[in-house]
Amino acid sequence: MLPFASITASLRGSVTIQHHEYYDNNKRNKKYNTAMNVQRRRDISTNNKLVLNNVLSKEAATAPIDYPTSQRFSALPPAIGIHLAIGSVYVYSMWTPGMSKALGVVAAAPCDWTQSELLPVFSCAAVVLGVTTSTLGGWVEKSGPRMSGLLGSACWSGALLTTAAGIETHTLPLVYLGYGFLGGVGWGLMYLTPVTAAMKWFPDKRGLATGIALSAFGAGAAFAPSVIHVLVDHFAVAPEFVGDCLLTGRGVEVEGVTKAFVELTTLDDGSQVVANTSLVGEPGTPVVVATEADVAKISGMSNCPGVYAIGTGDTGVSKAMAVLGVIYGGLGAIASRFMKIPHPQWTPERAVTDGSAHDGKEEADANSNETNNIGLPASYVTTNTMQFPLLWLAVFGNATGGLALLSSSKVMLTDIFTGVSPDIVTPAFSTGYVSALGVGMALGRFGWSAISDVLGRQNTYAVFGLGIPIVGLTPYLCHMASGAGAGGEVDMWPLMAFYSGSVLTITFYGGVFSVLPAYIADLFGQKHAGAIHGKALTAWALSAVAGPMGLAYLRSHSYKSAVEDLLQAIDRHDASALERSFGVSINDDVGIQKLMNAKTLTIEKLMELAPEDFVDPSPYLYNTTLYAAAGLMSVAFLSNLAIRPLDLNKELKQLERGSVRS
């Protein structure tokens, strides 16, 4: 028994040991397989990153040192593609009319956003642009144009898609997050990347290089309005027409038959609904009233003045913006993939054709060849030179007038001239005007930068002072147009003068920024010009706040004053008209303010009740803004004249010795 028991125990122990060994081996195999799978995933991820880095890295974007000078122009098309994609940021005024009537469609509904709420979105994008270029200018230099361009394209595409979602859901914070924040980041990266790369390819012709790159930025602004106009019209849906409305009564007699009109009730919050006693329409339906002036500003829908149900149509803005978000994102990403910069030691070839001029030419070549490798650091320039703050003021003042016009160009044109010449200033004409401003900006960016190579940067900035009388005299043109309209005769010269003068002013605005990189390189050297350029663009960011937001504030103040004048004129003409139409008296300040907040009481509607000889105050809404812009442009003109050239070699020696200018 003992031997048998011993054998049995031995066998059992052997089986147990084998079982444990099998279990341990299986466990080790599972751990090994898991570790191998993790390693494979890491290898795949690493390989993908390596492939991505090999394509997008600065090294991959750097051309060989012997890259032919004759082929350097081939580096510009990708830069042009990026700026074409981001140039549409300047046509924000193409979106705001539809955004301000997202619910009412044909006229602003009580819950629709106001211009005072929408214009700061552009200013927010400008502030983020300034922060982006200031803080990420060095990163753009370090990471290379492909990585920064791709990131900028992704941000710009996401900005338009997020903004479209905000418009569709009527969520203003999403609009600010999209166009205001993501748009500003994308704008900064997509603006800075091509400019920095282009200047490195043309150290001998900086003005020409930046002009070519930035003219595409203006071209993007020129093409975008027509594309936006077509897309918005395609996606637009007319709201439900309730019926005709007569502000001064319930009906009129036409050929012996009394025609019924929609009767409205004004609620406590200032909004209007179809009255219970109305013979037309479903009682209680929230509505907006569109006047002839409102309808004249709409395209893509066959509308007539009257009452429309709120929330039954679509301006088409959100869908059009989403489509462009995809298109622009793809264009920017593809262009970024092929961005190229020269080798740090690369220099353009020079041919010496005249032996007698050899020495001077050789010396000039040597100086030009060194310009990519010398320059003052941005930190030194911004804190220890007077040239930078003066240049900053020159950019700020010149940009303010241009941005005030660009951010509200379509609204400004329609406010000033649609009432005077409704058959001429149609929605299509307004779109063409915005496109013309883009063309002017493109021509200005290319033309003035090229001219600056001959005329000089400071002298070119001095020429931009011609914009001061143009902007300052624009209110006079508005008054002339208003007077012509009141007299029953349409005089075209104020409209044409406004049109051509504003386009010329925009060429100056474009020139300010295309000349700026070369101006910076001339003053402070090329080596750190990208970082200094980013610092200088903070002036533009502040001007984008002062321009659009200042316009919004001053226009709002002028609007309230115009409404007060209209109310007084209406009360003198017919004391009961306001009570019959809106249910308030001239002395009910609280009720009138509620009506204004609900967009029920507007200049367009009050003009229906005003005396026939009363001049439409819409053209006068921008006077104070234009005078303020002309004043800031004067400051810019004087600041530019005060700039004196730096002795770059002396400044570099002081920097090397660690001395600081007092």
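Residues numbered from 1 in each chain as written. Predicted model: local features only at pLDDT ≥ 70, side-chain atom pairs only at ≥ 80, totals over all residues. Heavy atoms only, no water.

Novice: How should the overall build of the protein be read in this particular structure?
Specialist: Along the backbone of the protein there are 24 helices and seven strands. Counting over 662 residues, the protein shows a buried share of 51%. (Helix = DSSP H or I, 4+ residues; strand = E, 2+ residues; numbered from the N terminus. Buried < 20%, exposed > 50% of the residue type's maximum accessible area, 1.4 Å probe, protein only.)

Novice: Explanation requested: the sheet that holds strand β4 (residues 264-266) in the structure shown.
Specialist: Sheet strands pair via backbone hydrogen bonds, and the direction of the pair is either parallel or antiparallel. Spatially, five strands are ordered β1-β7-β6-β5-β4 in an open sheet, and the strand pairing comes out antiparallel. What marks the edges here is a single partner per strand, and that holds for β1 (241-243) and β4. For this sheet the average axis-to-axis angle between neighbouring strands, irrespective of direction, equals 45 degrees. Direction of pairing for strand β6 (residues 286-290) relative to strand β7 (residues 306-309): antiparallel, over a ladder of four bridges. The partner of Ala290 across the bridge, within β7, is Gly306. (Pairing = 2+ DSSP bridges. Axes fitted to C-alpha atoms, helices over the stretch in contact; angles between N-to-C directions.)

Novice: Sorry, what's going on with the packing of helix α5 (residues 115-143) against helix α7 (residues 172-201) here?
Specialist: The description of two helices packed together rests on the angle between their axes and the distance between the axes. The interhelical angle for the contact between α5 and α7, taken along N-to-C directions, is 40 degrees, at an axis separation of 7 Å. Judged by the angle between their axes, α5 and α7 are oblique. Here the hand of the crossing between α5 and α7 comes out right-handed. Its residues assigned to classes, the contact of α5 with α7 comprises 21 nonpolar, eight polar and three charged. (Parallel < 35°, antiparallel > 145°, perpendicular 65-115°, else oblique. Left-handed = near helix turned anticlockwise from the far one by under 90°. Nonpolar A, V, L, I, M, F, W, Y, C, P; charged D, E, K, R; others polar.)

Novice: Honestly, the pattern of salt bridges in this entry has me stumped. Any pointers?
Specialist: Considering all chains together, one arrives at six salt bridges under this definition. Salt-bridge contacts for Glu168 lead to Lys319; the nearest nitrogen and oxygen are separated by 3.8 Å. Linking Glu168 in helix α6 (residues 145-169) with Lys319 in helix α10 (residues 317-337), this pair joins segments that are 151 residues apart in sequence. Residue classification places Glu168 among the partly exposed positions, given a relative accessible area of 49%. Exposure remark for Lys319: the relative accessible area of 33% places this residue in the partly exposed category. Of the charged contacts, one joins Asp522 and Arg457 as a salt bridge, the two residues approaching to 2.6 Å between their closest N and O atoms. Taken together, the residues span a long stretch of sequence, with Asp522 in helix α18 (residues 492-524) and Arg457 in helix α16 (residues 457-463) at a distance of 65 residues. (Salt bridge = Lys/Arg side-chain N within 4 Å of Asp/Glu carboxyl O.)

Novice: What am I meant to see in the environment of Lys297 here?
Specialist: Looking at the element boundaries, Lys297 is found in the loop between α9 (292-296) and β7. Its relative accessible area of 27% is what places Lys297 among the partly exposed residues. Along the backbone, Lys297 and Asp415 are 118 residues apart, and their C-alpha atoms lie at a distance of 9.5 Å.

Novice: Would you take a moment to explain unusual backbone geometry for this structure?
Specialist: The phi torsion of most residues other than glycine is negative, and most of the peptide bonds are trans. Not every positive phi belongs to a glycine, and Val105 is a case in point at roughly 65 degrees. Secondary-structure assignment places Val105 in the loop between α4 (96-99) and α5. Val105 sits in the buried class, given a relative accessible area of 2%. Positive phi is not limited to glycine here, since His170 has a value of about 55 degrees. As for its position among the elements, His170 is in the loop between α6 and α7.

Novice: Honestly, the packing of aromatic side chains in this entry has me stumped. Any pointers?
Specialist: What describes a pair of aromatic rings is the distance from one ring centre to the other and the angle between the planes of the rings. For the coordinates displayed, the defined rule picks out 21 aromatic pairs. Here the aromatic rings of Tyr90 and Trp187 are separated by 5.6 Å at their centres, their planes lie at 85 degrees, and the arrangement is edge-to-face. Remark: Trp187 occurs in helix α7 and Tyr90 occurs in the loop between α3 (76-86) and α4; sequence separation between them is 97 residues. Neither residue differs from the other here; Tyr90 and Trp187 are each classed as buried. Between the aromatic rings of Tyr461 and Tyr519, the centroid separation amounts to 5.1 Å while the plane-to-plane angle is 85 degrees, which identifies the pairing as edge-to-face. One end of the pair, Tyr461, is in helix α16; the other, Tyr519, is in helix α18, and 58 residues separate them in sequence. Tyr519 matches Tyr461 in its accessibility class, with the two residues each being buried. Through successive ring pairs, a cluster of aromatic residues spans Tyr90, Tyr92, Phe122, Trp156, Tyr179, Trp187, Tyr509 and Phe513. One Lys or Arg, Arg337, reaches over the ring of Phe338 and ends 4.9 Å from the middle of that ring. (Phe/Tyr/Trp six-rings, centres within 6.5 Å; stacked < 30°, edge-to-face > 60°. Lys NZ or Arg CZ within 6 Å of the ring centre and 35° of its normal.)

Novice: Honestly, the packing of helix α14 (residues 409-418) against helix α15 (residues 427-455) in this entry has me stumped. Any pointers?
Specialist: Two elements in contact, α14 and α15, have axes whose closest approach is 9 Å; the angle formed by their N-to-C orientations is 135 degrees. Put simply, α14 runs oblique to α15. Pair α14 / α15 crosses with right-handed handedness. Mapping the contact onto sequence places Ser409, Lys410, Leu413 and Thr414 in α14 and Phe429, Ser430, Thr431, Tyr433, Val434 and Leu437 in α15. The residue inventory of the contact of α14 with α15, partitioned by class, reads five nonpolar, four polar and one charged. (Contact = heavy atoms within 4.5 Å.)

Novice: Would you mind showing me how to read the nonpolar core here?
Specialist: Nonpolar side chains tend to gather and get buried jointly when the protein is soluble and globular. Residues Tyr90, Trp95, Trp187, Tyr461 and Trp540 are the most contacted members of the largest nonpolar core, which totals 134 residues. Ranked by residue count, the leading element in this core is helix α19 (residues 529-573), at 16 residues. Setting aside residues no more than four positions away along its own chain, Trp95 makes contact with Tyr179, Ile228, Val232, Val317, Ala320, Met321 and Leu324. Within the second largest apolar cluster, 11 residues are counted, among which are Tyr67, Trp201, Ala213 and Trp346. (Core = buried A, V, L, I, M, F, W, Y, C linked by side-chain atoms within 4.5 Å.)

Novice: Any chance you could explain a nonpolar patch on the surface here in plain terms?
Specialist: Residues Leu473, Tyr476, Met480 and Trp493 make up a contiguous nonpolar surface patch of roughly 400 Å² in combined accessible area. Looking at the element boundaries, Leu473 is found in helix α17 (residues 467-486). (Patch = residues over 30% accessible without salt bridge, like charges linked within 9 Å, V, L, I, M, F, W, Y side chains within 5 Å. Areas by Shrake-Rupley, 256 points an atom, 1.4 Å probe, with all protein chains shown as cover.)

Novice: For this particular structure, what's the right way to read the pairing of β6?
Specialist: Along a regular strand, successive side chains alternate from one face of the sheet to the other. In terms of burial, β6 is a largely internal element, four of the five residues being buried. Pairing of strand β5 (residues 272-274) with β6 involves two bridges; the strand directions are antiparallel. Each bridged residue has a counterpart across the sheet, and for Val273 the counterpart in β6 is Pro286.

Novice: Hey, could you run me through the environment of Ala125 in this one?
Specialist: Within the element layout of this structure, Ala125 appears in helix α5. On the basis of relative accessible area, Ala125 is assigned to the buried category, the value being 0%. Sequence-wise, Ala125 and Tyr179 are 54 residues apart; in three dimensions their C-alpha atoms are separated by 6.4 Å. Once residues lying within four places of it in the same chain are set aside, the contact partners of Ala125 are Tyr179, Gly180, Gly184 and Trp187.

Novice: Sorry, what's going on with helix α21 (residues 589-597) here?
Specialist: For an α-helix, 3.6 residues make a turn, and residues three or four places apart therefore share a direction. Residues of α21 that are buried include every one of Gly591, Ile592, Leu595 and Met596, and no others. Buried residues along α21 cover an arc of 140 degrees about the axis, so they all sit on one side. The outward face of α21, more than 90 degrees from its buried face, is lined by the exposed residues Asp589 and Val590. Against β4, α19 and α20 (577-582) lie the buried residues of α21. A positive backbone phi angle near 60 degrees is found at Lys599, which sits one or two residues after α21. (Arc of directions from axis to C-beta.)

Novice: Would you mind going over the side chain of Ser514 with me for this structure?
Specialist: Structurally, the position occupied by Ser514 is in helix α18. One polar contact links the side chain of Ser514 to the main-chain carbonyl oxygen of Arg445, over a distance of 2.8 Å. Engagement of the side chain of Ser514 in a polar contact is seen with the backbone oxygen of Gly511, the distance being 3.4 Å. (Polar contact = N/O pair within 3.5 Å; in protein donor to acceptor, adjacent residues only side chain to side chain.)

Geometric values such as these leave the question of function open.
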